[in-house]
Amino acid sequence: MDREAIAIIGMGCRFPGAKNPEAFWELLCNGIDAITEVPASRWDNDLFYDPDISKPGKTNSRWGGFLEQVDQFDAQFFGISPREVKPMDPQQRIMLELSWSCLEDSGYSPNELSGSQVGVFVGACNYDYDQLQHQDEKNIEGHTATGTYTCIIPNRISYFFNFHGPSVPVDTACSSSLVALHQAINAIKEKECEMALVGGVSVLCTPTSYISFSQLGMLSPTGQCKTFDSQADGYVRGEGAGIILLKPLGKAIEDKDYIYGVIKGSAVNHGGKARTLTSPNVYAQAQVLRAAYTKANISPNTVSYIETHGTGTPLGDPIEINGLKRSFRQLHQQHELPLPEKPYCGLGTVKTNIGHLEAAAGIAGVIKVLLAMKHRKLPKIVNFEQLNPRIELDGSPFYIVHETQDWQQLKTDAGEWIPRRAGVSSFGFGGVNAHVVLEEAPVQVQSESSRVRQIHILTLSAKTEKALSELVSRYQNHLETYPELAVADVCYTANTGRAMFKHRLAVIASEPQELTQKLRQHTAGEEVVGVNCWEPRSSNSYPKVAFLFTGQGSQYLNMGRQLYETQPTFRQALDQCDQILRPDLENPLLEVLYPQEEQNSSSSFLDQTAYTQPALFAIEYALAKLWFSWGIKPKVVMGHSVGEYVAACVAGIFSLEDGLKLIAMRGRLMQQLPAGGKMVSLLASEERVKKAIADYSS
């Protein structure tokens with residue numbers, strides 16, 4: 001395994017007809033074409049549409065892929081004033097929201113990453129909202145600049161989350177988000193950042209580019225993207241946004257992150273001088289693919305899918321296919337492989353579903369491939385009936401994915417399974433080409449243990465009561481949709497990977513069905529045992545926690561046994577104490593605490609001071625570690641007698657090894673005192689006590 005590769009550990013998206021990754025996958029699998037007419041809320045189609053593009057100021061396209069509620073934004077959630085948000089580009093708003101969603105999807109609380117070396121790279125080439133702001137110069141004010149400059153899209157994300165890595169906008173037109181991904185990969189490898197948010201966004205607010213692209217003959221007059229089809233007549237514009245979170249593969253595995261996929265390699269180039277500025281260059285496209293697979297160090301016969309640029313133009317599609325064939329032919333020669341006898345690599349494009357998202361097109365393709373790897377299916381290409389006569393696939397490795405199918409794994413000549421691998425292409429109309437090589441996530445070994453916690457707690461929070469109710473409903477629906485989910489995993493991620501807000505809910509349950517039922521009852525307004533809803537007095541002030549460690553006399557046989565059998569953290573800490581104490585105790589600590597045959601407490605080793613004190617120390621230390629693992633950490637620690645030693649150890653005054661050796665020696669010394677001794681506690685000053693015992697002092 002290449003631990004130096006880059007893992008994708010989180011994602012978020014909003015695309016036409018799909019407000020999140022789950023809805024996006026459903027759209028893809030069902031072969032839905034989400035293209036509609038331009039909504040009246042954007043502009044008046046009748047004013048600008050005309051089939052005759054020779055007429056000035058007219059567009060021959062009245063269609064596109066559009067987001068719903070693009071004007072909706074919770075400015076208060078992000079601490080943005082009403083005055084500042086008014087001239088703020090929807091592209092900034094959407095990327096802020098998706099960044100939050102992506103971080104939560106990765107299992108990281110945004111607060112947890114504050115101050116970290118996290119980079120932000122965003123592809124953006126749409127300036128529609130800026131044009132709207134400048135239609136009337138009287139509306140221009142101080143926040144107009146920060147609201148509309150594309151550099152502020154990543155910069156605002158870095159500012160809000162307090163990220164200290166690079167914060168870079170990328171504009172290479174249609175290849176923007178893949179070029180941003182390429183830059184983020186390099187930044188991580190050069191140690192400029194530890195993690196990186198990468199995405200692309202485009203929101204259509206004016207007909208200006210529609211008119212310009214129509215005049216260039218780019219747009220489909222029929223409103224359908226028919227990639228590779230004989231009836232292809234241009235592309236359909238779309239809007240949307242996607243974002244992913246990157247992390248070095250080795251670190252992601254070490255941190256037990258969920259991994260959607262692995263980036264094996266990437267490449268970017270420009271075709272130089274071509275027939276025209278916007279003409280696609282078959283040689284440059286072939287070269288960028290060859291460079292990406294060479295960098296990834298994988299042979300072409302192990303790649304089973306290509307998410308093509310596939311805009312659906314009658315000239316661009318054949319050029320892209322020729323570039324693909326040329327690059328794979330050269331790669332076969334490079335690896336000294338014979339050309340295939342039958343096709344093995346599927347071709348598809350998300351543009352037939354949601355349109356060409358321009359700056360966000362590349363990231364949409366990446367997210368599609370990651371979801372396909374997760375579900376092990378290849379979604380069909382939409383609007384495809386008959387192959388473009390200018391395209392020749394016979395004798396090549398490629399075939400069109402015209403029906404949704406299982407994504408079969410390829411095998412080596414020795415019969416070994418090859419991980420699912422795919423490439424994603426994006427080509428900017430100014431000549432910047434990008435290609436990224438993806439591989440499915442490595443199999444992550446789950447640590448199985450029979451010591452399962454019997455009771456779990458789910459904590460949810462939101463900034464408003466309404467938002468909390470919506471969050472509860474989403475969790476309920478998610479658990480009903482995926483009943484196979486482990487309740488421990490759901491609770492762990494919700495409890496540790498989410499920011500804590502003012503309005504809170506806690507649910508106690510032992511299994512998914514019980515958790516789902518309690519959420520359902522709470523949503524219905526019922527009073528439910530084990531469900532608590534509350535609002536702290538101040539969301540900015542948390543109660544200070546103190547740990548008090550008890551002294552001798554609290555011991556009993558089998559104390560903490562259920563925790564030892566069900567809680568890995570508690571067990572690990574107690575096992576560690578047992579090993580450290582082996583040289584200092586005649587009988588092992590665990591045999592004293594949990595004897596095979598229970599003895600009467602009067603004759604138990606546990607009641608002998610030499611064992612009592614180390615046992616109490618170990619139990620209290622293990623309990624502290626368990627609380628730590630649940631996120632409960634003290635501001636103050638206190639102890640009495642034996643507990644003073646544990647408190648000092650937890651506070652870092654001395655190490656666990658030193659603490660255990662001290663307490664074991666203390667116990668042995670006290671054990672050697674004559675039997676029948678007494679202890680007295682006096683509420684008196686030291687001077688008075690000394691005077692009282694003066695006659696008995698040696």
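Every chain's residues receive numbers from 1 upward, in the order its sequence appears when written. Under the rules for a predicted model, residues below a pLDDT of 70 receive no local features and side-chain atom pairs below 80 are neither given nor counted, while totals for whole chains, interfaces and linings still include all residues. Remark: hydrogens and water are excluded; side-chain values derive from all non-hydrogen atoms of the structure.

1. Considerations on unusual backbone geometry
This is how it is decided: A helix here means a DSSP run of H or I that spans at least four residues, while a strand means a run of E at least two residues long, and both kinds are numbered starting from the N terminus. In this scheme, a residue with accessible area under 20% of its type's maximum is buried, one over 50% is exposed, and one in between is partly exposed, where area comes from a 1.4 Å probe on protein chains only.
Phi at asparagine 162 is positive, roughly 60°, even though this residue is not glycine. Along the chain, asparagine 162 falls in the loop between α7 (152-161) and β5 (167-170). Classification of asparagine 162 by relative accessible area gives partly exposed; the value is 35%. Even without being glycine, glutamate 336 reaches a positive phi, approximately 55°. Among the structural elements, glutamate 336 can be located in the loop between α12 (316-334) and β10 (345-348).

2. Section: the pattern of salt bridges
Any two side chains of opposite charge can pair, so long as their charged atoms come close to each other. Selection criterion: Whenever Lys or Arg places a side-chain nitrogen within 4 Å of a carboxyl oxygen from Asp or Glu, that contact is recorded as a salt bridge.
For the structure shown, the criterion picks out 24 salt bridges. Residue glutamate 84 is joined to arginine 156 by a salt bridge in which the shortest nitrogen-to-oxygen separation is 3.1 Å. Within this pair, whereas glutamate 84 is found in helix α3 (residues 82-85), its partner arginine 156 is found in helix α7, the two being separated by 72 residues in sequence. In this structure arginine 156 comes out as buried when scored by relative accessible area, which is 9%. In this structure, aspartate 406 engages lysine 377 in a salt bridge whose closest nitrogen and oxygen atoms are separated by 3.0 Å.

3. Here we look at helix α1 (residues 21-29)
Threshold: Note: the arc covers the axis-to-C-beta directions of the helix. Any two residues whose heavy atoms approach within 4.5 Å are treated as being in contact.
Buried residues of α1: Pro21, Phe24, Trp25, Leu27 and Leu28, and no others. Considered in projection along α1, the buried side chains sweep an arc of 160° and stay on one side of the axis. Each element contacted by the buried residues of α1 is listed here: β1 (6-14), α13 (351-354), α14 (361-375) and β11 (377-378). Where α1 terminates, the next one or two residues include glycine 31, which has phi positive at roughly 60°.

4. A short note on the side chain of histidine 356
Inspection of the secondary structure puts histidine 356 in the loop between α13 and α14. Given the relative accessible area of 0%, histidine 356 is considered buried. Once residues lying within four places of it in the same chain are set aside, the contact partners of histidine 356 are Cys174, Tyr235, Val236, Arg237, Gly238, His309, Thr311, Lys351 and Ala361.

5. Side note on the domain arrangement of the chain
To be explicit about the condition: Domain delimitation follows an automatic or database domain assignment.
Each assigned domain of the chain is listed here: domain 1 (6-440), domain 2 (456-534) and domain 3 (546-672). A C-alpha centroid distance of 56 Å is found between domain 1 and domain 3.

6. A few points about the state of the cysteines
Filter applied, for reference: Cysteine sulfur atoms that come within 2.5 Å of each other are treated as a disulfide pair.
For the structure shown, the criterion picks out 0 disulfides. Lacking any disulfide linkage, cysteine 193 is separated from the closest cysteine sulfur, that of cysteine 102, by 14 Å. Cysteine 225 carries a free sulfur, and the closest cysteine sulfur to it, the one in cysteine 174, is 12 Å from it. For cysteine 225, a relative accessible area of 3% puts it in the buried group.

7. Digging into the layout of surface pockets
As a reminder of what qualifies: Using a 1 Å grid laid over the protein atoms alone, points where a 1.4 Å probe fits but cannot get out form a cavity; open sets with protein on both sides within 12 Å along at least 5 of 7 lines form a pocket; any residue with an atom within 4 Å of a point counts as lining. Grid points are joined across faces, edges and corners, and a volume is the space filled by probe spheres set on the points. Each residue gets one of three labels, nonpolar for Ala, Val, Leu, Ile, Met, Phe, Trp, Tyr, Cys and Pro, charged for Asp, Glu, Lys and Arg, and polar for the others, Gly among them.
In this model, the second largest pocket occupies a volume close to 930 Å³. Those elements that place two or more of their residues in the lining of the second largest pocket are α5 (128-133), α9 (208-215), α11 (282-296) and α12. Looking at the lining of the second largest pocket, the element that brings in the most residues is α12, giving 4 residues. Of the residues in the lining of the second largest pocket, the class split is 16 nonpolar, 22 polar and 8 charged.

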